[in-house]
Each structure stands twice: as C-alpha cells, then as structure tokens.
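So the chains spell out like this:
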Amino acid sequence: MRNVFFTWVISLFCLLSKAQTAVVEYSKDFEFTEGIYLDFKNFIRNQPVPKSKIITDLNRDDIDFMHQLTSQKVIKYIDSAGNEQSTAPEKLWGYSKNNGIFIYYENDFCRISLIGTLCHFTATITRYGSGMGYGFGFGGIGIGTGTTVSQELRQFMLDTRSGTIHDFTVENLERILQTDSVLLLEYKALKKKEKRESTFLYLRKYNQRHPLFFPVN
C-alpha cells in the first residue's frame with residue numbers, strides 16, 4: 001500500500017511540474033529577456049544571465065552596453081547559485097539586446113535576422129590562401145609568394161532543435177525539408193534556379209508549419 005501511495009505522489013508531482021512549464025509560440029511580439037547567453041540552452045529557454053547579474057562599471061542603460069561589454073577581455077557575472085563567475089566574450093553563445101538576438105560566430109556577434117525553428121543570419125568569413133606578390137627592395141623589384149586574405153559575407157541557418165549551424169544553401173535546406181514531405185515535394189518540383197530564388201520562401205514556410213516555442217518564465 002505504501003509503494004502505491006509513493007507512486008501516486010511521484011506521478012502527481014510530475015504532472016504538476018509539466019503543467020507549470022508553460023510555453024508560448026514565438027511571434028514578433030515575444031519579448032526576450034536581455035542578457036548574455038552562456039550556451040545554446042540559455043537562448044532556447046529564454047534564460048540569459050540578466051544585465052542585473054553582470055558585474056561591470058559600464059552603464060547598463062547605455063544603448064551600446066552589450067557591444068561595450070563584449071569588447072572587454074573578461075566578463076564577470078553572478079550565477080544562479082550566487083557565486084561570482086567570469087568568462088571571455090568569445091566563449092559566449094551570444095546575447096539579447098532590445099529584443100534582438102546576436103549569436104557569436106566567426107569571431108563576431110551576428111544579429112539573427114529571422115527567428116524561428118530555422119533561424120537565419122549572415123556572417124563575414126575570412127579566408128586565407130597563398131598567392132603571388134610583388135615587392136620592392138634594395139635589389140630592385142622582386143616577385144614572391146605570400147598569404148592572401150579575403151572576406152566573404154555568407155548566409156547561415158541555425159536549427160533550434162539541435163543548436164547546429166548550417167550554410168544556407170539549396171542542398172542543406174532540402175535536407176531539412178525531408179522532415180516535411182509536403183514541402184519537400186513542392187521544393188523538389190522546382191527548377192534549379194527557382195530553388196535558389198525560393199530558399200527564403202521555403203524557410204518561412206517551414207517555420208510556419210513547424211513553429212518555435214519558448215517557455216514562459
């Protein structure tokens with residue numbers, strides 16, 4: 001009898017816990033808590049380290065507060081247990097500011113332009129290579145090889161179900177659409193050029209059919 005009672009209590013506790021974990025579908029009216037994300041889970045749970053828990057002499061009300069904060073070498077904060085912690089900006093997942101989300105990628109904080117189950121953002125990629133170069137010296141003009149540096153603006157997708165980042169390409173989008181047979185058939189029926197021109201359209205269609213939910217804190 002005692003075992004039955006304890007089983008009932010545990011089951012009741014689990015049901016109550018699930019009932020208290022309310023979620024809401026993301027929309028443009030959703031308000032993100034401002035602060036820094038230590039990891040992806042902080043973002044998907046809308047539980048950043050809030051600005052009030054960040055140890056700094058900077059003005060938290062300054063419009064450039066997050067930019068100034070992440071420009072420092074070390075960020076100090078108070079964790080959920082009340083202990084002082086520190087981290088480097090490049091170890092952050094990102095931060096939220098004025099209801100915008102910024103993700104750290106390729107040595108920069110990039111704003112997520114489209115939020116949904118599949119998020120979209122752009123980042124500047126630095127490429128290094130070797131090439132021919134011309135130089136002037138005491139002996140005259142010389143030709144040699146050296147390192148070339150170029151920058152390229154590229155598009156990316158963040159899959160919020162796994163936290164993984166993919167290049168925003170036709171091939172990667174088609175792989176994701178495999179989880180939605182209706183959209184996949186539509187997309188595969190398009191010609192190659194039409195697929196390239198419709199990537200944003202099908203990204204939005206996917207998000208509409210597979211909405212993103214956040215917990216209500």
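Rules used throughout
- Residues numbered from 1 in each chain as written.
- Predicted model: local features only at pLDDT ≥ 70, side-chain atom pairs only at ≥ 80, totals over all residues.
- Heavy atoms only, no water.
- Helix = DSSP H or I, 4+ residues; strand = E, 2+ residues; numbered from the N terminus.
- Buried < 20%, exposed > 50% of the residue type's maximum accessible area, 1.4 Å probe, protein only.
- Contact = heavy atoms within 4.5 Å.
- Polar contact = N/O pair within 3.5 Å; in protein donor to acceptor, adjacent residues only side chain to side chain.

Draft legend 1. View of the overall build of the chain. Check the secondary structure of the chain and you find seven helices and 13 strands. A total of 217 residues make up the chain; the buried ones form 33% of that total. Restricting to contacts in the chain with at least 6 residues of sequence separation, those with at least 24 account for 48%.

Draft legend 2. Layout of the side chain of K51. Here K51 lies in the loop between β3 (49-50) and β4 (54-55). A polar contact is formed between the side chain of K51 and the side chain of E34, at a distance of 3.0 Å. Not counting chain neighbours up to four residues away, the residues in contact with K51 comprise E34, G35, R60, F65 and M66.

Draft legend 3. Focus on unusual backbone geometry. One non-glycine residue, N98, lies in the positive phi region at around 50°. When you line up the elements, N98 lands in the loop between β7 (94-97) and β8 (100-105). Under the relative-accessibility criterion, N98 is labelled exposed at 53%. The phi dihedral of N107 is positive, around 65°, even though this residue is not glycine. Note on placement: N107 falls in the loop between β8 and β9 (108-114). Using a relative accessible area of 69% as the deciding quantity, one classes N107 as exposed.

Draft legend 4. Molecular detail of the environment of N42. Among the secondary structure elements, N42 is positioned in helix α2 (residues 40-44). In the structure, N42 is positioned 51 residues away from W93 in sequence and 8.6 Å away in space, judged by C-alpha atoms. Setting aside anything within four residues of it in sequence, one finds N42 in contact with Y37, Q47 and P48. In terms of polar contacts, N42 uses its side chain to reach the backbone amide nitrogen of L38, at 2.9 Å.

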